[in-house]
Amino acid sequence: MKKQNIAIIAVIALVLAVSVGYALFSQSLTISGTAKASGNFDVQFTTIGDITSDGYIDTNAVAGEADTAAKARIAKIEDNGHKLTISVDRLTYPGAYVTIPVTVQNKGSIPVKLKNITQTGLTAENRAIKVTYDGPAASDTLINKDDTQSMTIKVEWDNSINGTDNSLDETVEFSIKLDYEQVTAQ
């Protein structure tokens, strides 16, 4: 039994020696740090290009007035660049139109893409006025910081409407909403 006790004590001593040896030759590393995410999301209408028209009459025009005043009555950038208001007060015949080129710029620090385009106010009941736009479509087209995209908005009297009704007097209020979203890393 004495040999057995000595063997047990020897095993325990060996385990303790190995544990102490491991403790002497091991080391812990600690990593500490901070991370901060900061950015801003800001897509704005920045410029209105040269407006063209055919069959449009500016009923508020004043003789000798500068073209910029007429342009400002048709299209205005408002709400710190987040809203574009268009007012076409008189199209004189089917097929008459006004085109408004606009530029959208990413003034934020986060890359964005156009997620969705929503139109409201244009219904089958007021179909004499048609609003179309070309340029960016909801897609994966990236707009990086300070980059721009252009689009053209066209407001026209739909020439497929029967033009024999001389009493047609229609006013349409509409909105086109451009929904942008941030682009995340893949």
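In what follows, the accompanying structure is described. Here the residue index of a chain counts from 1 through its sequence in written order. The predicted nature of this model means local features are confined to residues of pLDDT at least 70 and side-chain atom pairs, given and counted, to a pLDDT of 80 or more, with totals for whole chains, interfaces and linings taken over all residues. Only hydrogens and water are set aside; all other atoms, that is, all heavy atoms of the structure, feed into the side-chain values.

**Some points on the overall build of the protein**
Working step 1: When its secondary structure is counted, the protein shows two helices and 10 strands.
Working step 2: Helix and strand assignments follow DSSP, with helices taken as H or I runs no shorter than four residues and strands as E runs no shorter than two, numbered in order from the N terminus. Put simply, the protein runs from its N terminus to its C terminus through helices and strands in the order α-β-β-α-β-β-β-β-β-β-β-β.
Working step 3: Burial statistics for the protein: of 186 residues in total, 25% are counted as buried.
Working step 4: We call two residues in contact whenever any of their non-hydrogen atoms come within 4.5 Å of each other. Residue pairs at least 24 apart in sequence account for 79% of intrachain contacts in the protein once pairs closer than 6 positions are excluded.
Working step 5: Counting only carbon and sulfur atoms, one obtains 52% of the accessible surface of the protein, whose full area is about 12,900 Å². The cut-offs for exposure are 20% and 50% of the maximum accessible area for each residue type, with area from a 1.4 Å probe on protein chains only; residues under the lower value are buried, those over the upper are exposed, and the others partly exposed. Exposure was quantified through the Shrake-Rupley algorithm and a 1.4 Å probe, taking into account, for residues, occlusion by the shown protein chains and nothing else.

**So, the side chain of aspartate 42**
Working step 1: With respect to the secondary-structure elements, aspartate 42 resides in the loop between α1 (2-24) and β1 (43-48).
Working step 2: Salt bridges are absent for the buried aspartate 42, whose nearest opposite-charge side chain, lysine 107, sits at 6.9 Å.
Working step 3: At a separation of 2.8 Å, a polar atom in the side chain of aspartate 42 contacts the side chain of glutamine 44. The charge count includes Lys and Arg as positive and Asp and Glu as negative, but it does not include His or the ends of the chains. Salt bridge, as used here, is a side-chain nitrogen of Lys or Arg placed within 4 Å of a carboxyl oxygen of Asp or Glu. Here a polar contact means two N or O atoms within 3.5 Å. Within protein one must be a hydrogen donor candidate and the other an acceptor candidate, and residues neighboring in sequence count only if both atoms are side-chain atoms.

**Some remarks on the layout of surface pockets**
Working step 1: When its volume is computed, the second largest pocket comes out at roughly 170 Å³.
Working step 2: Along its surface, the second largest pocket is lined by Asp50, Ile51, Thr52, Ser53, Tyr56, Asp67, Thr68, Ala70, Lys71 and Ile74.
Working step 3: Residue assignment for the lining of the second largest pocket shows that the elements contributing at least two residues are β2 (52-54) and α2 (67-74).
Working step 4: When residues of the lining of the second largest pocket are assigned to their parent elements, the largest contribution, five residues, is made by α2. Residues are called lining when one of their atoms sits within 4 Å of a cavity or pocket point, these points coming from a 1 Å grid over the protein atoms alone, where a cavity is a set in which a 1.4 Å probe fits but cannot get out and a pocket is an open set with protein on both sides within 12 Å along at least five of seven lines. Grid points are joined across faces, edges and corners, and a volume is the space filled by probe spheres set on the points.

**Examining the sheet that holds strand β8 (residues 142-143)**
Working step 1: Whether two strands pair comes down to DSSP finding at least two bridges between them. Pairing in this open sheet of three strands is antiparallel, and the strands run β8-β6-β10 from one edge to the other. Edge positions in the sheet fall to β8 and β10 (175-182), since each of these pairs with one other strand and no more.
Working step 2: Where strand β6 (residues 112-120) meets β8, two bridges bridge the pair, whose relative direction is antiparallel. Looking across to β8, one finds that lysine 113 is bridged to leucine 142.

**Brief notes about a nonpolar patch on the surface**
Working step 1: On the surface, a nonpolar cluster with roughly 300 Å² of combined accessible area is contributed by Ile8, Ile12 and Leu16.
Working step 2: Along the chain, isoleucine 12 turns up in helix α1. Think of a patch as exposed residues, more than 30% relative accessible area, with no salt bridge, where like charges cluster within 9 Å and nonpolar side chains (Val, Leu, Ile, Met, Phe, Trp, Tyr) cluster within 5 Å.

**Brief notes about the nonpolar core**
Working step 1: Judged by nonpolar contacts, the single largest core of 29 residues is most densely connected at Leu84, Leu91, Ile100, Val102, Ile153, Leu178 and Tyr180.
Working step 2: When contributions to this core are tallied by element, the ones reaching two or more residues are β1, β4 (83-86), β5 (97-106), β6, β7 (129-134), β9 (148-157) and β10. In plain words, nonpolar cores are sets of buried Ala, Val, Leu, Ile, Met, Phe, Trp, Tyr and Cys residues tied together by side-chain atoms within 4.5 Å.

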